[in-house]
Amino acid sequence: MESSSSGSAKARQSSGGGGGADTFDIPGKGAPIERLKRWRQAALVLNASRRFRYTLDLKKEEQKEEVKRKIRAQAHVIRAAYRFKEAARVNVQPKETTAPHVDGALGFGIKEEQLTALTRDHNYSALQQYGGISGVANMLKTDMEKGTGGDDPDLKARQNAFGSNTYPRKKGRSFLAFVWDACKDLTLIILMVAAAVSLALGIATEGIKEGWYDGASIGFAVLLVVFVTATTDYKQSLQFQNLNEEKQNISLEVVRGGRRIKVSIYDLVVGDVVPLKIGDQVPADGILISGHSFSIDESSMTGESKIVNKDQKSPFMMSGCKVADGYGTMLVTAVGINTEWGLLMASISEDSGEETPLQVRLNGVATFIGIIGLTVAVLVLVVLVARYFTGHTYNPDGSPQYVKGKMGVGATIKGIVKIFTVAVTIVVVAVPEGLPLAVTLTLAFSMRKMMRDKALVRRLSACETMGSATTICSDKTGTLTLNQMTVTEAYFGGKKMVPTDNTEMLSASVSTMIIEGIAQNTSGSIFEPEGGQAEVTGSPTEKAILSWGLQLGMKFNETRSKSSILQVFPFNSEKKRGGVAVHVGDSEVHIYWKGAAELILESCTDWLDADGSKHSMTPEKVGEFKKFIEDMAVASLRCVAFAYRPCEMSDVPNEDQRAEWILPEDNLIMLGIIGIKDPCRPGVQDSIRLCTAAGIKVRMVTGDNLQTARAIALECGILTDPNVLEPIIIEGKTFRALSDLAREEAAEKICVMGRSSPNDKLLFVKALRNRGHVVAVTGDGTNDAPALHEADIGLSMGIQGTEVAKESSDIIILDDNFASIVRVVRWGRSVYANIQKFIQFQLTVNVAALIINVVSAVSSGDVPLNAVQLLWVNLIMDTLGALALATEPPNNHLMQRPPVGRREPLITNIMWRNLLIMAFYQVAVLLALNFDGQNLLQLKHDNHAHAEKVKNTFIFNTFVLCQVFNEFNARKPDELNVFKGITGNHLFMGIIAITVVLQVLIIEFLGKFTSTVRLSWQLWLVSIGLAFISWPLALLGKLIPVPDRPFSDLFACCCPGKKQGMFELHPTVCTCLLIL
């Protein structure tokens, strides 16, 4: 483990961006633009529009940034002008102002343009003239407490009057655009020109009846390749468009008819009242109704990394910004294209392009295979031309194709065109343009399937990286547990409450204080319909506490109306507490706190008895409270303490200075402690066992205390020994206090971290990455964003996660379930495995086709596989092969291997073994047939020309069938049973069936186009038999052991003057040279 870790660490350093880093090696996250440009310049590309179709368009990115700068500049100019106007109005004695004229708009008291201008220009004076926020709300027929009516006619009327919260999207590329891209392939253009020349010469020399076949057949084959390629790319494009729309479809809460309901961001209308909390995205332009410690990060719109406080003097909010702190409610005043964010999004197109490390590495492989292919094609061209003009190239009847002085110009040109066409077709087969695209194909397939498995991929490369994950740092609440919280124990008035809602044991004053603290110190809400059951909304912890409050007899709205909030300290994951100051009457003020039980206990100097009398917090009483906390924690309960502190109104700053007031959190009076039960998710033990078997260590990072964390970890299977000590189970503050080196050593051993802050999680992730781990980390809060960004794979929670966390993550787990994370790992490994299957299959065809054509050209002056046949092989190998093998679903065998090292060679020793066995078998069979086919197939008594055609047809048919049978072998490179799970892959079976049917049609009915003849059923059986041998041969080959040390290392040893990185990526070059 140590050696692999250090190796990974070295790989990380080498990929960091130094000059010695390999051109085709980019980091998974945040690759510099220069690195992205460098690999594009190094790639050998014959069809740039196709090869780079699903990579990042660097030019478009620059244009997108330019558009953003212009829109931001426009916003700044407008605001500066209005500030200037405001300053002039303040300094110059104003004339009596009149409220702006307001026109009704389809039943509303204000027009769309007036509302849009109000918020876009942040025009505070206009707002005042409209009667303030309440005046605007009245014009929009909105109750600031209960929101809009929420019925369909009302929503429709608002959409008609003020527009919908959507913006015009740039249309995706049409199918014809993809056809045009496919036609830009340089080799296909050359072949089309050759087809046109061949057609013209053929008709001129042989007449239209016979002379059109050669040219037309090449043209048709090229068009088939073009349309199949375009169809595949077009379907992928549609998939990425759908996924982009899914990413932007944010779910949010609105208040309609007095209740909070979840709606899509696209269903938001002007007049909606939207509750916002830390981490949320502002979904439209609006005006703040009320807020506490409310501040906004406007960097997404202004480009300035500045937190802006929002209050009644600065109430305007822009769509697309994030809530940085506090909570509040806003009135929506502009949606869709009427917002600056809508303008911005309509001006820039969402590009699905993004290069992944695997894609770039495959571009490197394709480049070097292409170099070999071009070299071979030039060699074949030179040899064939030389043999042709020296009279050593023969017709099927044995006569020389070129006789000096006796050949017409047309016939000579036609012969050269044929030779040139074969050479170009070799390039088509040899340059695997489809290799990098196979990554996109498998990623698109995986992303679609992962959506069904409750995982939304935001960044393509995360799919790949997940296959290399060596450790998962998981939150406890909602991921390992169900997030269905209930209060199961309560300790108030110095006694345990049995049952938990037994208020009879408490005095009325104590009960009132507890209920007031619950109702006012919350970010949740309760809708109390007449005669119906109360609906509780908020985070799971808030819902559990509010539900318990209802059991105590709390009337939520009534309780809140009896006192007024002066200041709020929103719950903070760093301090693990939240507080509120409320004015309860006269000069009396109560400051309520709730949070982590042992931390609140440390701040208490007194406690409240059941009858309401105050007692000093003695060491004995502290011990009693701690014992109760420990007992609850051992029972895997989350412990939350309630405390308060009375003060006088005179101690509270006046309203102008209140925003800066920090609530006092010392000298508190303990009210009591509750224990909240959150059961483990069913099946989480099995998921963790599966991860352990797959070489992935699961670590739990939680804000709960150490005893609760230990109990849950034992229940989940993360810990097996209840008596483990540091550093296996550690507190965040202890870990934080360690030196960098000690922290890295401790991180390797940590299984559970309790009472951790978001910063502790970030330090933990950094320490693990420095040890060479590939780290996946979960997070749901705004403060988790740095850790999600730092991790190799950031996993945010779809249900409980904030928009800030989601935007910093790479994958969103839609159901917050740990089992979904494990399924993502399976898909990540499947992506890598499927690409390897495709590479093995494609290189086998590459090697076999190149060797057969080169040897035949050099020895006999002719090639057994002509241009049309090679184009058909290219179609099987490139597009159909990628579809069949790159869409193989994951299986349990993938989770029985260790993680794939990020710098492991793409072509493993096992793949080289399989590939070389198959390639040598195919080459041996086909060369034997090429040189002695007439004898072996017993065609000696046939007409020589016909026998030659039968032999070449048989070679072509056997070669194609070998690829069909080898496609099965490629499914399971390291398993003996290649048919396992085959019935579950309908696409694979469909492609195999289509390939076989088309091959039969080509041989039996399209001989004129492909220069083939019909084969007898006996030759069909022999052809099938030779191809069938691929199966037992592959089975025997898998019994041959291979060294653990990659062949790339051996090549590096052979060429010590070269950089290791080159051979790590491109052993293909060396091997092809050895073969040739």
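Whatever comes next refers back to the structure up there.
Everything in this summary refers to the structure shown in the same document. Because the structure is predicted, anything quoted here is derived from the model rather than measured.

A short note on the sheet that holds strand β23 (residues 752-754)
At step 1: Strand order in the open sheet formed by eight strands is β8-β26-β25-β24-β9-β21-β23-β22, and the pairing between neighbours is mixed. The open sheet has two free edges, formed respectively by β8 (455-457) and β22 (729-731), since each of these has just one partner strand. When the angles between neighbouring strand axes are averaged without regard to direction, this sheet yields 20°.
At step 2: Summarising the sheet, β8 and strand β26 (residues 811-813) pair through three bridges and their orientation is antiparallel. Across the sheet, residue Leu456 finds its bridge partner in β26, namely Ile812.

Digging into a nonpolar patch on the surface
At step 1: Side chains of Ile994, Val997, Leu998, Leu1001, Phe1005 and Leu1006 sit close together on the surface and give an oily, nonpolar patch of about 510 Å² of accessible area.
At step 2: You can see Val997 is positioned in helix α35 (residues 986-1005).
At step 3: For Val997, a relative accessible area of 48% gives the class partly exposed.

Things to note about the packing of helix α31 (residues 818-860) against helix α32 (residues 867-885)
At step 1: In contact at an axis separation of 9 Å, α31 and α32 are set at 170° when each is read in the N-to-C sense. The orientation of α31 relative to α32 falls into the category roughly antiparallel. Of the residues in α32, those touching α31 at Asn834, Lys837, Phe838, Phe841, Gln842, Val845, Asn846 and Asn853 are Leu870, Val873, Ile876, Met877, Asp878, Gly881, Ala882 and Leu885.
At step 2: In terms of residue class, the contact of α31 with α32 is built from nine nonpolar, five polar and two charged.

Focus: the packing of α31 against helix α33 (residues 909-936)
At step 1: Their axes nearest at 9 Å, the elements α31 and α33 cross at an angle of 30°. Compared by their axis directions, α31 and α33 come out roughly parallel. Crossing hand, α31 versus α33: right-handed. For the pair α31 and α33, the contacting residues are Gln836, Ile839, Gln840, Leu843, Thr844, Val847, Ala848, Ile851, Ile852, Val855, Ser856 and Ser859 in the first and Met911, Asn914, Leu915, Met918, Ala919, Gln922, Val923, Leu926, Leu927, Asn930 and Phe931 in the second.
At step 2: Taken together, the residues of the contact of α31 with α33 break down into 15 nonpolar, eight polar and no charged.

Some remarks on the pairing of strand β14 (residues 564-572)
Within a regular strand, side chains alternate between the sheet's two faces.
At step 1: With six bridges connecting them, β14 and strand β15 (residues 577-585) associate as antiparallel partners. Its bridge partner being in β15, Val568 is matched across the sheet by Val580.
At step 2: Counted along the chain from β14 to the antiparallel partner β15, the turn is four residues long, and its residue Lys576 has a positive phi close to 60°.

Considerations on the pattern of salt bridges
At step 1: As enumerated under the stated definition, the model contains 33 salt bridges in all.
At step 2: For the salt bridge of Arg689 with Asp686, the shortest nitrogen-to-oxygen distance reads 2.4 Å. Placement of the pair is Arg689 and Asp686 together in helix α24 (residues 684-693), with a separation of three residues, close to one helical turn.
At step 3: Judged by relative accessible area, Asp686 falls into the partly exposed class, the value being 47%.
At step 4: In this structure, Arg769 engages Glu790 in a salt bridge whose closest nitrogen and oxygen atoms are separated by 3.2 Å. Of this pair, Arg769 sits in helix α28 (residues 758-770) while Glu790 sits in helix α29 (residues 785-790); the two residues are 21 residues apart in sequence, bridging distant segments of the chain.
At step 5: By relative accessible area, which is 24% here, Glu790 ends up partly exposed.

Quick word on the packing of aromatic side chains
At step 1: Throughout the structure, instances matching the rule amount to 21 aromatic pairs.
At step 2: Here the aromatic rings of Phe175 and Phe227 are separated by 6.4 Å at their centres, their planes lie at 35°, and the arrangement is tilted. Residue Phe175 is found in helix α9 (residues 175-183), and its partner Phe227 is found in helix α12 (residues 213-248); the two are separated by 52 residues along the sequence.
At step 3: Seen from their ring centres, Phe492 and Phe642 are 6.1 Å apart, and the 40° between their planes marks the pair as tilted. Note that Phe492 is positioned in strand β10 (residues 486-492) and Phe642 in strand β19 (residues 637-648), a separation of 150 residues in sequence.
At step 4: Judged by its relative accessible area of 1%, Phe492 is buried.
At step 5: A residue is classified by how much of its surface remains accessible, and Phe642, at 5% relative accessible area, is buried.
At step 6: Members of the aromatic cluster, joined through ring pairs, are Phe965, Phe968, Phe979, Phe988, Phe1028 and Trp1031.
At step 7: Here Arg577 stacks its cationic end above the ring of Trp593, 5.9 Å away from the centre of that ring.
At step 8: The lysine or arginine in question, Arg743, covers the ring of Phe735, its NZ or CZ lying 6.0 Å from the ring centre.

Thoughts on unusual backbone geometry
At step 1: The step from Val498 to Pro499 runs through a cis peptide bond, and the omega angle for that step is -10°.
At step 2: Relative to the assigned elements, Pro499 resides in the loop between β11 (495-496) and α19 (508-520).
At step 3: Residue Pro727 is bonded to the preceding Glu726 through a cis peptide linkage, with omega at 0°.
At step 4: Relative to the elements of secondary structure, Pro727 occurs in the loop between α25 (706-716) and β22.
At step 5: Backbone geometry places Ser1011, a non-glycine residue, at a positive phi of 60°.
At step 6: Considering the arrangement of structural elements, one finds Ser1011 in the loop between α36 (1007-1010) and α37 (1017-1028).

What counts, and where the lines are drawn
- Residues numbered from 1 in each chain as written.
- Predicted model: local features only at pLDDT ≥ 70, side-chain atom pairs only at ≥ 80, totals over all residues.
- Heavy atoms only, no water.
- Pairing = 2+ DSSP bridges.
- Helix = DSSP H or I, 4+ residues; strand = E, 2+ residues; numbered from the N terminus.
- Axes fitted to C-alpha atoms, helices over the stretch in contact; angles between N-to-C directions.
- Patch = residues over 30% accessible without salt bridge, like charges linked within 9 Å, V, L, I, M, F, W, Y side chains within 5 Å.
- Areas by Shrake-Rupley, 256 points an atom, 1.4 Å probe, with all protein chains shown as cover.
- Salt bridge = Lys/Arg side-chain N within 4 Å of Asp/Glu carboxyl O.
- Buried < 20%, exposed > 50% of the residue type's maximum accessible area, 1.4 Å probe, protein only.
- Parallel < 35°, antiparallel > 145°, perpendicular 65-115°, else oblique.
- Contact = heavy atoms within 4.5 Å.
- Nonpolar A, V, L, I, M, F, W, Y, C, P; charged D, E, K, R; others polar.
- Left-handed = near helix turned anticlockwise from the far one by under 90°.
- Phe/Tyr/Trp six-rings, centres within 6.5 Å; stacked < 30°, edge-to-face > 60°.
- Lys NZ or Arg CZ within 6 Å of the ring centre and 35° of its normal.

The analysis is restricted to geometry; functional conclusions fall outside its scope.
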